[in-house]
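Commentary on secondary and tertiary structure
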Amino acid sequence: MAEAPATWKVIVDYHACEGRELCIEVCPTDVFEMQPTRVRNPLFWLKVKAHGGRQAFPVRADACIGCMECVKVCPELAVAVTQQSQQP
């Protein structure tokens, strides 16, 4: 019986993401998209606003192949990719 392909969960820490778009540049499957920040905490909001007011959102997370390029390139360590457990 063939093993099911791995599925991946993509998480962005919006309190760390500064919207540098590096994850967008390296992602081979276009998982990320820049969108206006949704952070409401004033301290974090000011930080994000200073960097353009936009952050990376994993809008196509189901397309993730688990290459970890986004994780490697993020200087803020704002991106995490974990393998989802397979249910029988």
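Please read these numbers as outputs of a predicted model, since none were measured by experiment. (Residues numbered from 1 in each chain as written. Predicted model: local features only at pLDDT ≥ 70, side-chain atom pairs only at ≥ 80, totals over all residues. Heavy atoms only, no water.)

**Here we look at the pattern of salt bridges**
Applying the stated criterion to the full structure yields four salt bridges. The residue glutamate 76 makes a salt bridge to arginine 20 at a minimum N-O spacing of 2.4 Å. Of this pair, glutamate 76 sits in the loop between helix H3 (69-73) and strand E4 (79-83) while arginine 20 sits in the loop between strand E1 (8-12) and helix H1 (22-26), and the two are 56 residues apart along the sequence. By relative accessible area, which is 18% here, glutamate 76 ends up buried. Residue class for arginine 20 comes out partly exposed when judged on its relative accessible area of 46%. Between glutamate 33 and arginine 60 there is a salt bridge, and its shortest N-O distance comes to 3.5 Å. Of this pair, glutamate 33 sits in strand E2 (residues 33-36) while arginine 60 sits in the loop between strand E3 (54-57) and H3, and the two are 27 residues apart along the sequence. (Salt bridge = Lys/Arg side-chain N within 4 Å of Asp/Glu carboxyl O. Helix = DSSP H or I, 4+ residues; strand = E, 2+ residues; numbered from the N terminus. Buried < 20%, exposed > 50% of the residue type's maximum accessible area, 1.4 Å probe, protein only.)

Take it as geometry only, folks, not as evidence of what the structure does.
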